[in-house]
Structures are given as C-alpha cells and as structure tokens.
Amino acid sequence: MNKLPLTLLAAVLGGLLLSGCDKPAPAAHQPAQYDLVRLEDPNQDIKTYTIPQDTAIVDAPNAEQIFYGKRLLNETKRLLPEHVGADMNCNSCHIAQGKIPLGDPYINSFNFYPRVMPRAGKEVNLVQRINGCFQRSMNGKALAPESKEMQAMLAYMEWLAQNTPKEQLVDIRNAGVVDESLVADPVRGEQIYYAQCAACHGDNGEGTYDTRGDVVFPPLWGDKSFNIGAGMARTYKAASFVKYNMPMGIQTRGLWGHGNVLSDQDAVDVSQFFAHKPRPDFAGKENDWPTVPKPKDARY
Ligand code: HEC
Ligand code: HEC
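An account of the accompanying structure is given in this report.

Cut-offs and rules
- Throughout, residues of each chain are indexed from 1 in the direction in which the sequence is written.
- Chains carry letters from A onward and ligands carry numbers from 1 onward, assigned in written order.
- Reporting of local features is limited, given that this is a predicted model, to residues whose pLDDT is at least 70; pairs of side-chain atoms are given and counted only at 80 or more, and all residues count toward the totals for whole chains, interfaces and linings.
- Side-chain numbers here rest on the full set of heavy atoms in the structure, without hydrogens or water.
- We call a residue near a molecule or strand when any one of its heavy atoms sits within 4 Å of it.
- A 3.5 Å cut-off defines polar contacts: any pair of N or O atoms within that distance qualifies, except that in protein one atom must be a possible hydrogen donor and the other a possible acceptor, and neighbouring residues in sequence count only when both atoms are side-chain atoms.
- A run of H or I in DSSP becomes a helix once it reaches four residues, and a run of E becomes a strand once it reaches two; helices and strands are each numbered from the N terminus.
- A carboxyl oxygen of Asp or Glu within 4 Å of a side-chain nitrogen of Lys or Arg is what we treat as a salt bridge.
- Only protein chains enter the calculation, and the probe is 1.4 Å; a residue is then buried if its accessible area is under 20% of its type maximum, exposed if over 50%, and partly exposed in between.
- Sodium, potassium and calcium take a 3.2 Å donor cutoff, other metals 2.8 Å, and in both cases only N, O and S atoms count; water is not among them, so sites may look incomplete.
- A four-donor site is called tetrahedral if each angle lies between 85 and 135 degrees; a four-donor site is square planar, and a six-donor site octahedral, when trans pairs exceed 155 degrees and the remaining angles lie between 65 and 115; all other cases are labelled irregular.

### Side note on the site of ligand 2
Around ligand 2 there are 23 residues in total, and C197, C200, H201, P219 and M246 lie nearest to it. Between ligand 2 and H201 there is a distance of 2.8 Å, counted from a nitrogen atom to a side-chain nitrogen or oxygen. For ligand 2, an oxygen atom lies 2.8 Å from a polar atom in the backbone of P219. Elements supplying a minimum of two residues to the shell around ligand 2: α9 (198-201), β7 (215-217) and α10 (235-245).

### Overview of the pattern of salt bridges
A side chain of one charge can pair with a side chain of the opposite charge when the charged atoms of the two come close. Per the counting criterion, the structure on display carries 14 salt bridges. Measuring nitrogen to oxygen at the nearest pair gives 3.2 Å for the salt bridge that ties R212 to D214. The exposure class assigned to R212 is exposed, which follows from its relative accessible area of 62%. According to the relative accessible area criterion, D214 is buried, its value standing at 18%. Among the ionic contacts, a cluster of salt bridges with common partners joins R71, E75, R78, D210, R212 and D214.

### A short note on the coordination of the iron atom of ligand 2
Coordination of the iron atom of ligand 2 by the protein is provided by H201 (NE2) and M246 (SD), with metal-donor distances spanning 2.0 to 2.3 Å. Taken together, the 6 donor atoms surrounding the iron atom of ligand 2 define angles of 87 to 178° at the centre, an arrangement classified as octahedral. Taken together, the residues H201 in helix α9 and M246 in the loop between α10 and α11 (264-275) connect sequence positions 45 residues apart. The same class applies to H201 as to M246, namely buried.

### Brief notes about the side chain of K243
Among the secondary structure elements, K243 is positioned in helix α10. The buried category is assigned to K243, whose relative accessible area is 11%.

### Details of the site of ligand 1
Residues in close proximity to ligand 1 total 21 residues, the closest being C90, C93, H94, Y113 and C133. In the model, a nitrogen atom of ligand 1 is placed 2.7 Å from a nitrogen or oxygen of the H94 side chain. With respect to ligand 1, the side chain of Y113 contributes an N or O atom lying 2.7 Å from an oxygen atom. Element by element, the count of residues in the shell around ligand 1 is highest for helix α6 (residues 126-137), at 6 residues.

### Focus on unusual backbone geometry
Of note, the amide linkage connecting Y113 to P114 takes the cis form, showing an omega dihedral of 0°. Along the chain, the position of P114 falls in the loop between α5 (109-112) and β3 (115-117). Geometrically, the link from M246 to P247 is a cis peptide bond, its omega value of -10° lying close to zero. The phi dihedral of Q97 is positive, around 60°, even though this residue is not glycine. Considering the arrangement of structural elements, one finds Q97 in helix α4 (residues 95-98). Backbone geometry at L102 places phi at a positive 70°, although glycine is not the residue there. Note that L102 resides in the loop between α4 and α5. Given the relative accessible area of 11%, L102 is considered buried.

Set out below in structure tokens:
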C-alpha cells in the first residue's frame, strides 16, 4: 500500500484539528453586542456597544468604587438595612445585574438621565431615579446624593455605559411589550400563580430565604414587598417584566431564565393577581402624575 496518501490525509486532518482550536467560541459564549443609536435619531446606527465583563473592572482607575457599587446593587438589603424596608435587593428586579435586555437593565441609565418623567411631572436626574426605587420598589429611604453608597452605584452605572457618548443610547430595551388592551382576570391569575410562581415566591407571596436569612426568591406581596408606589405594583408594568423574565429557571432564550413562556394574557392575569395583594402604602403618592393623566393601571 502506498503510504503517501495516508500521510497526506493525516496532515490535512491534523491541520483541520489545529485550525479548529483557533475558531471563536460558540455564539452563546461571545460577549453580548448591541447597536448604539443617537437619541435624536434612533434609526441612525453609529457603532456597536459590547457589554463589559466585570472581570475588567480591576482595570478602571476607580475600581474599588465600582466594585462597591456592584455589590450594593446585589446585596442592598444586607448592606443598607436603614434604607431598605422590603426584603429585596436592587437586582431582585434588575435581572442579571442590570445587564440583559427586557430585564430592567442599567446599561442606558447613565446617559438617559436627567429627563422629564411623567410620574414626577418634572426633570428627574439619575440620583432621584435611584432614590425613587429606594422609596417605592424597596419601600425604604432615599440615600444622600453625595453619600459614598450613591456615588458608588453611579460609578458602576457609568462604567457600564463606557464608550457611549452622552447623546447616544445602546439599542436595548428596558422592558418588553404586552397588549395593554387585554382585560385582567385575577381568578385565572391565581391559578397561574400557584402553578408557575408559588414554588419560588411562596404560597403567600412571602418569598424564600436561606438559612442566613438572606432572600433567595423575593416576596411578591405583604409587608416585605415593594409598596403601591412602585412600577411593579401596576398590572401592565409588572406584566411586561413577568412575561419576559419569569418564571425564572425555564430557559427559552438565553443563558439566564429569560421567561417568555407565558402568553400576554397569562402575564396580565398573574400580575393583576399578585400586584393587587396587600402591600405597604406609599407616602407622597398624591404628588404623582401632577401634569398628565395617570396611566390606567395606576393604583391611586
Ligand atoms: C420591585 C422591583 C424593583 C426594585 C427592587 C428596584 N427597581 Fe429600579 N426599576 C424598576 C422598574 C420596574 C423600573 C422602570 C423600568 C422601565 O423603564 O420600564 C426601574 C427603573 C430603574 C432605573 C432607571 C432605568 C433606566 O435606565 O431608565 C434605575 C437606575 C433603577 N431602577 C435603579 C434601581 C436601584 C439602584 C435599586 C435599588 C436601590 C432599584 N432600582 C430597585 C424596578 C425595581
Ligand atoms: C425558579 C424560581 C422562580 C419562579 C418559578 C418564579 N420566579 Fe420570580 N423571581 C425569581 C428570582 C430568583 C427573582 C429575583 C431575581 C434575581 O435574584 O436574579 C425573581 C423576581 C421576581 C419579581 C421581581 C421582584 C419581586 O419580588 O417583586 C417578580 C415581580 C416576579 N419574580 C414574579 C414572578 C411571577 C409572576 C412568577 C410566575 C409566573 C415567577 N416570578 C416565578 C425566581 C422565580
């Protein structure tokens, strides 16, 4: 038998195997990339934005401050008990540390504010927006703008927005869309809750805790949940979060349990059910929507 073709074959195969090693990792493992768009002309693409890896924080001149901000967003309840009434962390709602589309990402927050917000009826800066989540979503107290903690959270959000000029945004949406003309059926919502949500969020919406007392699955109603002033207390706002992020753990569109197993009607029904359960009141609610008609799912 002539040995030459075999040697050739081995060389070709070897070459293929070797070049295989240089191939890029599968798409799912590549860093997420999005288009950048101009605020005044969203159709004009400028360049791409890549979500930075947290391992690169060490290279930033204010790395310590950024790491502290990241930690505060993850462990808000434990680190800031005086400011957090609910058993929640910021990232209980800002999914995957505020880094994924439709899960309330922080990616555009640094460039998006200040801006006039309908609920406030005036211009709101990023400090006020964060404090809005402290007072409503966390049922807690505002942080002083100059405090080390507030500055650290701002530093993390600024770091996330790196390489995006102020007048540009990343083409990534905060929340998904649900059909707001659907009429909610809370009885159906209750059935969906006990079938799809109660295993993690509890039979009484009380959430699940680990043995240290830290929250694992945050409460959906009761004294330890967000108050009625929170966006999440509004049926359609909650549904646009729930549809695209819950039930967590069911993988349909990505590495994180990225929801999308409920229909719009399911999401509206289950949101009506849990959002309208008893929860803390919000002092100052009478000042909301002073200049525009309030949304139809407003609680007051
Ligand atoms: C109960 C859920 C919940 C919790 C807890 C929560 N937030 Fe939010 N947050 C929201 C929702 C909902 C929005 C509105 C997103 C939208 O625009 O649809 C929001 C908006 C924001 C925004 C503006 C995002 C943007 O770019 O427009 C920032 C910044 C923010 N939250 C920070 C925080 C911080 C910091 C904490 C912790 C102190 C926190 N949030 C806790 C639900 C929550
Ligand atoms: C496998 C467990 C699991 C299931 C099932 C689940 N969730 Fe969640 N949910 C979570 C976790 C975990 C978080 C907090 C996010 C984080 O820590 O990353 C969360 C957060 C939430 C939040 C925002 C925080 C809060 O407490 O208000 C809402 C609202 C929510 N879930 C609603 C639902 C609804 C409605 C269902 C059923 C359709 C559901 N979840 C099913 C695990 C789950």
